[in-house]
Amino acid sequence: MTDRPDAPQPRLRPGGIVLAFALALLLGAMWQWSNVLLMGFGAILIAIALRAGASLLNRRTGLGFKPGVLLSALAAALVIAGVVVWAGPSISEQFQQLLGSLPAAWDQVSDWLSGSSVGQFLEQRMENAQSGGGSPAPEGTLPSLFGYVTGTLTTVFGSVANLVLLVTVAIFLALDAPLYRGGALRLVALSYRPRAAQIADELGRALARWMGGQAADMLLVAVATGLGLWLLDVPLALVLGLIAGLTNIIPVVGPFLSGIPAVLFALTQGVDLAIYVALLFVVIQQVEGNLLMPLIQRYAADLPPALTVLAILAFGGLFGFGGIILATPLLLVTIILVKRIYVEDVLGDRMGD
């Protein structure tokens, strides 16, 4: 059976071509401006936190949202300034001591590995790998991991202009959140606008709960780590506890980033102390992972661990260190959008809250 010659043939519609071209152009622009979009997402997170503070002030004192946002931003700035003035010199001095002690600690680890059969095996494997290509690392230097962490910290502390811009954008978003929300919803077709508003509100609530839970988790880990190191009489307990709290924003990977320098520094004070410090980090992370985090996830969001690790790898590969830090909230947004738009609206499978 053949088609009739006079049968109408499908034609490409100009509207479809324009739509496909516009979609490709949009994806290319998003890829080109990925860092800007990531900074915008970070500004949205800060704006949500400022709006949450303004909402609390509104419920307690009746203060308007715009003055509440400004007051919340001022309070946060005063707290940060107070911490810098009170503990900044001590933290800076301890941080410099920590960086200065890491090479000596690594030398001790290298000497210990050189005298053990396991270390000799690993050294031989590394030499074989290096002989296949690439130049060997200079003697007496830390591995690339520490160079990467140090370079990252230097970049973070040196990016003052980006931080000021991020906070400025966040304040503007928080002051006129309904205006920006309404403008974004106007880009959606009228028939889908109520559903888009519902999803946007759900995203805002989920991100606010995640930030509240994550802040509590980081604070508790920092206090527990600093207190435990102080009880073990480990020098630099303040800065090591601060590093543990800050790096805990990165699931799975964060505890290793904070535990490695702490154990290496403790090694300069003795092998027994290094073992105790390692056990302290293991105990804290076990309590945090099996007791504290489930309670926080019950309030905030229960994210699958496997997807969290994949999100760290994916967003880290796309956006670098900033993508690693924001991998969890980006995963949270992705899960909600997939649930509401694809699973419920496209497939028709209602999942509930």
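Position numbers for residues count from 1 along each chain, tracking the sequence in the order it is written. Residue-level local features of this predicted model are given only where pLDDT is at least 70; pairs of side-chain atoms are given and counted only at 80 or more, and the full residue set underlies all totals for whole chains, interfaces and linings. Side-chain numbers come from the whole structure's heavy atoms, not from hydrogens or water.

Q: Got a minute to help me understand the confidence of the model for the protein chain in this structure?
A: Low-pLDDT stretches of the model should not have their predicted coordinates read in fine detail. Mean pLDDT over the protein chain works out to 76, with 69% of the residues at or above the 70 mark. The least confident element of the protein chain is helix α5 (residues 144-158), whose mean pLDDT is 51; the most confident is helix α7 (residues 177-185), at 90. Contacts from residues 133-142, a stretch scored under 50 in pLDDT, to residues over four places away or in other chains number seven contacts. Per-residue confidence from the predictor is given as pLDDT, running between 0 and 100. A helix here means a DSSP run of H or I that spans at least four residues, while a strand means a run of E at least two residues long, and both kinds are numbered starting from the N terminus. In this analysis, two residues are considered to be in contact whenever any of their non-hydrogen atoms come within 4.5 Å of each other.

Q: Could you clarify how one ought to interpret the pattern of salt bridges in this entry?
A: Put simply, a salt bridge is a Lys or Arg side-chain nitrogen that is within 4 Å of an Asp or Glu carboxyl oxygen. All told, the structure shown has six salt bridges when counted by the stated rule. Of the charged contacts in the structure, one is a salt bridge between Asp-176 and Lys-66, with a shortest N-O distance of 3.1 Å. Remark: Lys-66 occurs in helix α3 (residues 65-114) and Asp-176 occurs in the loop between α6 (160-175) and α7; sequence separation between them is 110 residues. Burial classes follow relative accessibility: with a 1.4 Å probe on protein chains only, a residue under 20% of its type's maximum area counts as buried, one over 50% as exposed, and anything between as partly exposed. In this structure Asp-176 comes out as partly exposed when scored by relative accessible area, which is 26%. On the basis of relative accessibility, which here comes to 45%, the residue Lys-66 falls in the partly exposed class. Among the salt bridges present, the one from Arg-340 reaches Glu-344, with a minimum N-O distance of 2.6 Å. You can see Arg-340 and its partner Glu-344 sitting in helix α14 (residues 327-346), four residues apart, about one turn around the helix. Each member of the pair, Arg-340 together with Glu-344, is buried. The structure contains a network of salt bridges with shared partners spanning Arg-195, Glu-202, Arg-340, Glu-344 and Asp-345.

Q: Just checking my understanding: could you explain α14 for this structure?
A: An α-helical turn contains 3.6 residues, so any two residues separated by three or four positions project in the same direction. Fitting axes to the seven residues that end at a residue and to the seven that start at it, the angle between those axes gives the bend at that residue. A maximum bend of about 30° is found in α14 at Val-338. Along α14, the positions that sit buried rather than exposed are Ala-327, Thr-328, Pro-329, Leu-330, Leu-331, Leu-332, Val-333, Ile-335, Ile-336, Arg-340, Val-343 and Glu-344. Turning to α14, the residues buried within the fold contact α2 (34-61), α8 (193-231), α12 (305-319) and α13 (321-325). Looking one or two places after α14, you find Gly-348, whose phi comes out positive at around 80°.

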